[in-house]
Amino acid sequence: MENLGYAGGQVEPGKGTQAADSRSVASPMNSSITLQTISDDTKTTTSTRDKWGRDIEFMLSCIAYSVGFGNIWKFPYTALKHGGGAFLLPYLIVLFIVGRPIYYLEMILGQFSSRGCVKLYDLAPAMRGIGVAQTIAMFVVMTYYAPVLAITFRYFVASFSSTLPWSECNPGWANCVNSSFVGRLEPTNGTAVGLQSSAELYFLKEVIHKAPSLEDGLGMPDWKLALCLLFAWIVVATILIRGAKSTGKASYFLAIFPYVIIIILLLQTLMLDGAMQGILYFITPQWDKLLSIEVWYEAVTQCFFSLSVCYGGIIAYSSFNNFSNNVHRDAVIISWLDTFTSIVAGCIVFGVIGNLAYVSGQPDIQKLARDGAGLTFMTYPDAIAKFQFLPQLFAALFFLMLFIVGVGSNLGVTTSIITAIRDQRPQLRHWQVVLGTVTVGYFFGLLYLTPGGFDFLDVIDYYGAKYVTLTFAVLELATVAWIYGVDRICRDIRFMLGIETSFYWRVCWGLIAPAATLLILIFSFADFELQKVPMGYNVLGLFIYAIAVLQLPGWYCYAVWRRRSKQTESLRKAAHNALKPMDIWGPESDTVRMQYQTEEEQYQNSQPLERSTVQRIKKRMFNMG
């Protein structure tokens, strides 16, 4: 391994850290002039950034953010569909070479610069549109994440009824069978054909009042769900109102307590009749599926969205870190814990489905499993309704756990947006931005609580979250690894943490992660098709995607125009220099930043000016040359 130190001005391990630590003696709420924030050539002032009360609060907040709905309702179904236990092998490989490296990279970038996902692009101002587009994607996610929380909370409240409301059919429901019924219906003159469980009909007719299609519009939101949505946002706003301080304190509960419930649910599940058959069905490998490209594609996609990388939340959270926090340790712990949680959640879900198969006499577990919301709000409640001992307790624990992990994830989503706003407009008070953001989130969220809301959610998520995130994940990795440079990232790590960066991280950042993410995007575009909804909704989705994509050329042109306005550079030179870090790029502390810039300048001056393309690639990737 080559030495990563600064030629002509090396920092001894820990030296940069000691200097950086001196800036956090004062209260993190105090104000000091430190950063240029808006343009490429004018200085403005901002407050010293909020800091976590303790380093462990950062890790717990990241756990609460990363462990969410994707672990509980997406991973089990995805694993089952693509090989069961065999899916774990490609998933773990992808976690090791894609998920964890990106997670660590975003932690490094946020902590080193104390910037959110938009302001981060002081490292390459021409690419600032990436951060803006990611903020747009996060806003889209924020608008529909809280409505799912609202539905979860409604189920939690309903769990305290003397009889679970979804366990029995409403007299007005046709072709309904009580979810509390234990046994298997025998078809009689076709009467069993088209039957639906009361749990399914309760969700569709009583909770979301689902419309047959979007042909007649969205409709009006359900007032009960609107109140539940209001409660969900009040919880989020209460936690966020004091910034990282209050978020960090809440993380102890949001990150730890769900695992208490998960352990209880797992123990209860293992005692159910047929549970082991369901779990074995979930983890039994189907090795032939490892040869399918689709399995590896799904593994990368699941890892990508489960860890919530390239959304901006991790960068925002790590920007509140002390300069010397050991994010390498945090990235390793969180990435493995996220995977462990997915596997345990899968065992719980399919243990319950195994019990459902046992008591209903349905031998094919595959037919009982549903994807996404169907698994959580239809299949799982249907199974719980058949429990003979305190089904209310089991239901309350499950939906409480789901609500808590959802709040933790929503905090990260909302924090990313708030951080992006305050980075650009530091004069705004934190509480003003919080209240403004949650208010907007509430009213947009009402759209998803209408009869057509779930179909609308699918459209918005498809265009505004999935495709925007994948597109700009590729651009983020390309910018950081190849424009800013893997070699410079490694020098930044050595300056900040006093540690060398191994070949593993270099090759993952520079080659494997960007290539894997690009392949995901290509496969996604190859499978692209318009959603089966009225054309107007597809147009809206494409419009959101187009707005996000146009941020990149728009901000590039703005950065070039800013440089050209000085009348000191040609258009070609301005376009090239707009990809270089700004003068104020670096650590938050003035003293530490000046030290960093001095040593970086010494390093650059010590390098040979003329290099072949191969030599430049070796130098940029592996510090060889």
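Note that the coordinates shown come from a computational prediction; the quantities given were computed from them, not determined experimentally.

Chemist: How would you sum up the overall build of the protein chain? Please name residues and give values.
Modeler: When helices and strands are counted, the protein chain shows 21 helices and 2 strands. Put simply, the protein chain has 625 residues, and 60% of those count as buried. Across the protein chain, contacts joining residues at least 24 apart in sequence account for 81% of those joining residues at least 6 apart. Accessible surface computed for the protein chain: about 25200 Å², of which carbon and sulfur atoms make up 63%.

Chemist: Please set out the packing of aromatic side chains residue by residue, giving values where relevant.
Modeler: Tallied over the full model, the rule gives 56 aromatic pairs. Ring geometry for Phe304 and Phe305: centres 5.5 Å apart, planes at 75°, overall edge-to-face. Residue Phe304 is classed as buried on the basis of its relative accessible area of 1%.

Chemist: Please give an account of the side chain of Asn321 that cites residues and values.
Modeler: Examined against the element boundaries, Asn321 turns out to sit in the loop between helix H11 (313-318) and helix H12 (327-360). Judged by relative accessible area, which is 0%, Asn321 ranks as buried. A distance of 3.4 Å separates polar atoms of two side chains, one belonging to Asn321 and the other to Trp52.

Chemist: Hey, could you go over the environment of Trp52 for me, with residue numbers and the actual values?
Modeler: With respect to the helices, strands and loops of the structure, Trp52 is situated in the loop between helix H1 (15-21) and helix H2 (55-66). When the C-alpha positions of Trp52 and Gly243 are compared, they lie 9.0 Å apart, and in sequence the two are 191 residues distant. Setting aside anything within four residues of it in sequence, one finds Trp52 in contact with Glu57, Phe58, Ser61, Ala244, Thr247, Gly248, Tyr317, Phe320 and Asn321. Within polar-contact distance, the side chain of Trp52 engages the backbone oxygen of Tyr317 at 3.0 Å.

Chemist: Can you tell me about the state of the cysteines, naming the residues and giving the values?
Modeler: One way to say it: the disulfide is the covalent bond shared by the sulfur atoms of two cysteines. Following the criterion strictly, the structure yields 1 disulfide and no others. A sulfur-sulfur separation of 1.9 Å characterises the disulfide bridge that pairs Cys169 with Cys176. Taking the sign of the S-S torsion, about -85° here, the bridge from Cys169 to Cys176 comes out left-handed. With a relative accessible area of 24%, Cys169 lands in the partly exposed category. Accessibility expressed as a relative area gives 19% for Cys176, which makes it buried.

Chemist: How would you summarise the UniProt feature "binding site: Na(+)" (unreviewed entry) in the protein chain if you had to cite specific residues and measurements?
Modeler: Taking the numbering used here, the UniProt-annotated feature "binding site: Na(+)" (unreviewed entry) corresponds to Val67, Asn71, Ser306 and Ser409. Despite a sequence span of 343 residues, these residues sit close together in the fold, their greatest C-alpha distance being 11.3 Å. Tracing the backbone shows Ser306 in helix H10 (residues 293-306). For Ser306, a relative accessible area of 2% corresponds to the buried category. When neighbours within four sequence positions are excluded, Ser306 is seen to be in contact with Ser66, Asn71, Tyr91, Asp338 and Ser342. Structurally, the position occupied by Ser409 is in helix H14 (residues 391-424).

Chemist: Pulling in residues and values, what's your account of the nonpolar core?
Modeler: Residues Ile151 and Trp166 are the most contacted members of the largest nonpolar core, which totals 197 residues. No other element matches helix H16 (residues 453-497), which puts 25 residues into this core. Not counting residues up to four positions away in its chain, the partners in contact with Trp166 are Tyr155, Ala158, Ser159, Ser179, Ser198, Ala199, Tyr202, Pro381, Ala385, Ala395 and Phe399. Ala126, Ala559, Ala574 and Ala578 belong to the second-largest nonpolar core, a separate cluster that totals 5 residues.

Chemist: Which residues make up unusual backbone geometry, and what values do they have?
Modeler: Residues other than glycine predominantly adopt negative phi, and peptide bonds predominantly adopt the trans conformation. Here the phi dihedral of Cys310 falls at roughly 65°; this positive angle occurs in a residue that is not glycine. Residue position: Cys310 is located in the loop between H10 and H11. Cys310 sits in the buried class, given a relative accessible area of 1%. Of note in this structure, Leu390 is not a glycine but carries a positive phi near 45°. Mapping Leu390 onto the fold places it in the loop between helix H13 (373-384) and H14.

Chemist: Lay out the environment of Val67 with the relevant residues and their values.
Modeler: Looking at the element boundaries, Val67 is found in the loop between H2 and helix H3 (69-81). By relative accessible area, which is 7% here, Val67 ends up buried. Along the chain, Val67 and Leu337 lie 270 residues apart, while their C-alpha atoms are 8.6 Å from each other. Setting aside its immediate chain neighbours within four residues, Val67 contacts Tyr259, Asp338, Thr341, Val405 and Ser409.

Chemist: If you had to explain the pattern of salt bridges to someone new, which residues and values would you point to?
Modeler: If you walk through the whole model with that rule in mind, you get 16 salt bridges. Here Lys249 and Glu57 are joined by a salt bridge, their closest N and O atoms 3.1 Å apart. Taken together, the positions of Lys249 in helix H8 (residues 244-270) and Glu57 in helix H2 put the pair 192 residues apart, joining distant regions of the chain. Judged by relative accessible area, which is 1%, Glu57 ranks as buried. As a salt-bridge pair, Arg329 and Asp330 come within 3.1 Å of each other at their nearest N and O atoms. Salt bridges sharing partners connect three or more residues here, namely Arg115, Lys119, Asp122 and Arg128.

Chemist: So what's going on with a nonpolar patch on the surface? Residues and values would help.
Modeler: A contiguous nonpolar patch, built from Ile263, Leu267, Leu270, Met276, Leu280 and Ile283 and spanning about 540 Å² of accessible area, is present on the exposed surface. Counting only elements with at least two residues in the nonpolar patch, the list comes to H8 and helix H9 (275-283). In this fold, Ile263 is placed in helix H8.

Chemist: So what's going on with the packing of H16 against helix H20 (residues 590-606)? Which residues, and what values?
Modeler: Close contact between H16 and H20 brings their axes to 12 Å; oriented N to C, the two are set at 130°. The orientation of H16 with respect to H20, classified from their angle, is oblique. The handedness of the crossing between H16 and H20 comes out as right-handed. On H20, the residues that touch Tyr484, Arg488, Arg491, Asp492 and Phe495 of H16 are Val592, Gln595, Tyr596, Glu599, Glu600, Tyr603 and Gln604. Here the contact of H16 with H20 is built from residues that sort into 5 nonpolar, 2 polar and 5 charged.

Parameters at a glance
Residues numbered from 1 in each chain as written. Predicted model: local features only at pLDDT ≥ 70, side-chain atom pairs only at ≥ 80, totals over all residues. Heavy atoms only, no water. Helix = DSSP H or I, 4+ residues; strand = E, 2+ residues; numbered from the N terminus. Buried < 20%, exposed > 50% of the residue type's maximum accessible area, 1.4 Å probe, protein only. Contact = heavy atoms within 4.5 Å. Areas by Shrake-Rupley, 256 points an atom, 1.4 Å probe, with all protein chains shown as cover. Phe/Tyr/Trp six-rings, centres within 6.5 Å; stacked < 30°, edge-to-face > 60°. Polar contact = N/O pair within 3.5 Å; in protein donor to acceptor, adjacent residues only side chain to side chain. Disulfide = S-S within 2.5 Å. UniProt positions renumbered as here; feature names shortened; annotations may be inferred. Core = buried A, V, L, I, M, F, W, Y, C linked by side-chain atoms within 4.5 Å. Salt bridge = Lys/Arg side-chain N within 4 Å of Asp/Glu carboxyl O. Patch = residues over 30% accessible without salt bridge, like charges linked within 9 Å, V, L, I, M, F, W, Y side chains within 5 Å. Axes fitted to C-alpha atoms, helices over the stretch in contact; angles between N-to-C directions. Parallel < 35°, antiparallel > 145°, perpendicular 65-115°, else oblique. Left-handed = near helix turned anticlockwise from the far one by under 90°. Nonpolar A, V, L, I, M, F, W, Y, C, P; charged D, E, K, R; others polar.

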